[in-house]
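This is what each chain is made of:
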Amino acid sequence: MINESSVRVIDINHKNITTYPPSCFMQTDNDGYKKKLKWIKRQFRNGLKIKLLYAEQSDKCIGFIEYIPSEYAWRGVKAKNYLFIHCIWVSGDNNKRKGYGSLLIKQVLEEAQKEKKAGVIAMSSNGPFMASKDLYKKLGFKIVDSQKPSYDLLVKSFRKAGTVRFQKSTLSLRRYKGLNIIYSNQCPWVARGIKGMTEIAKEYNCPLKVYEIRNAQKAQNAPSVYATFNLIYNGKLLADHYISHRHFRNLLDKELNDNVGEN
């Protein structure tokens, strides 16, 4: 168990966001972070909240949690009167498995009870870009829905409420011809990588069409439930979360070579 007096949690708002920038462990002068900052300020009006975790007597952020009322979640979920956790992260191997993640989630649970919400919702994945379901399950969350390739929707309810489930997207992948990225600035790492992907696509003589998701409703109906990043080639979802430029090249090599072989 951690000693809660050894850390401090700071709630981010309009007044202190420049003093305590929720940088997602990215340099604040990065273009991706600047876009994220604008996104955050717009989402404050919809109830977005961010808590930053600092070690006591340190100016270095070691963790954060971002959450929002479920009606405004930027993920492919359907739920009412819950709080939805977008992201949770603890930075540095020396800070892992110390209970910091649980501490942040417990604060969201306490807030949900004070606001008389039905509970708290979170997504998990086996991938390295999201928290493990085990983190939530040990705090009493239960899996209520699953989606390929490895997404689980977890809920901790305080009272009976409506159905909580993954949204069934109304957007057919077949409508996307050629190479497409559908993304949102909810994740600064996504915005950071798109410029480079556009240049790489030009090298392959395969123009990249880029569409920004601009509101929660469209995010909830994105091609993938993670919503933040969707890479589609001729109606096929190639990636549903942020990928490196190397991974992007590997996907293009495979898909373009396969198409040449078919012709």
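Residues numbered from 1 in each chain as written. Predicted model: local features only at pLDDT ≥ 70, side-chain atom pairs only at ≥ 80, totals over all residues. Heavy atoms only, no water.

(A) Up close: the overall build of the protein chain. Across its full length, the protein chain carries six helices and 13 strands. Over its C-alpha trace the protein chain gives a radius of gyration of 19 Å, about what one expects of a compact globule, namely 18 Å for 263 residues. Every one of the 263 residues in the protein chain was classed for burial, and the buried ones make up 49%. Taking the intrachain contacts of the protein chain between residues at least 6 apart in sequence as the baseline, contacts between residues at least 24 apart amount to 64%. Carbon and sulfur atoms provide 47% of the accessible area of the protein chain, an area that totals close to 13,900 Å². Put simply, the protein chain has 45 plus and 23 minus side-chain charges, and the middle of one group is 5 Å from the middle of the other. (Helix = DSSP H or I, 4+ residues; strand = E, 2+ residues; numbered from the N terminus. Rg over C-alpha atoms; globule rule 2.2 N^0.38 Å. Buried < 20%, exposed > 50% of the residue type's maximum accessible area, 1.4 Å probe, protein only. Contact = heavy atoms within 4.5 Å. Areas by Shrake-Rupley, 256 points an atom, 1.4 Å probe, with all protein chains shown as cover. Lys, Arg positive; Asp, Glu negative; His and termini not counted. Charge placed at Lys NZ, Arg CZ, Asp CG, Glu CD.)

(B) Region of interest: the sheet that holds strand β13 (residues 236–239). Strand order in the open sheet formed by four strands is β11-β10-β12-β13, with mixed pairing between adjacent strands. Strand pairing shows two members of the sheet lacking a second neighbour, β11 (208–212) and β13, which therefore form its edges. Going from strand to strand, the sheet's axes swing by 25° on average, the running direction of each strand aside. (Pairing = 2+ DSSP bridges. Axes fitted to C-alpha atoms, helices over the stretch in contact; angles between N-to-C directions.)

(C) A look at helix α1 (residues 31–43). With 13 residues, α1 extends 19 Å from end C-alpha to end C-alpha; this agrees with the ideal 18 Å at 1.5 Å per step. Elements that come into contact with the buried residues of α1 comprise β2 (49–55), β3 (61–69), β5 (82–90) and α4 (188–203). (Expected span 1.5 Å × (residues − 1).)

(D) A look at α4. Its maximal kink placed at Ile194, α4 deviates by approximately 30°. Within the span of α4, buried status applies to Pro188, Val190, Ala191, Gly193, Ile194, Gly196, Met197, Ile200 and Ala201. (Bend = angle between axes of the 7 residues up to and from the residue.)

Nothing here speaks to function; it is geometry throughout.
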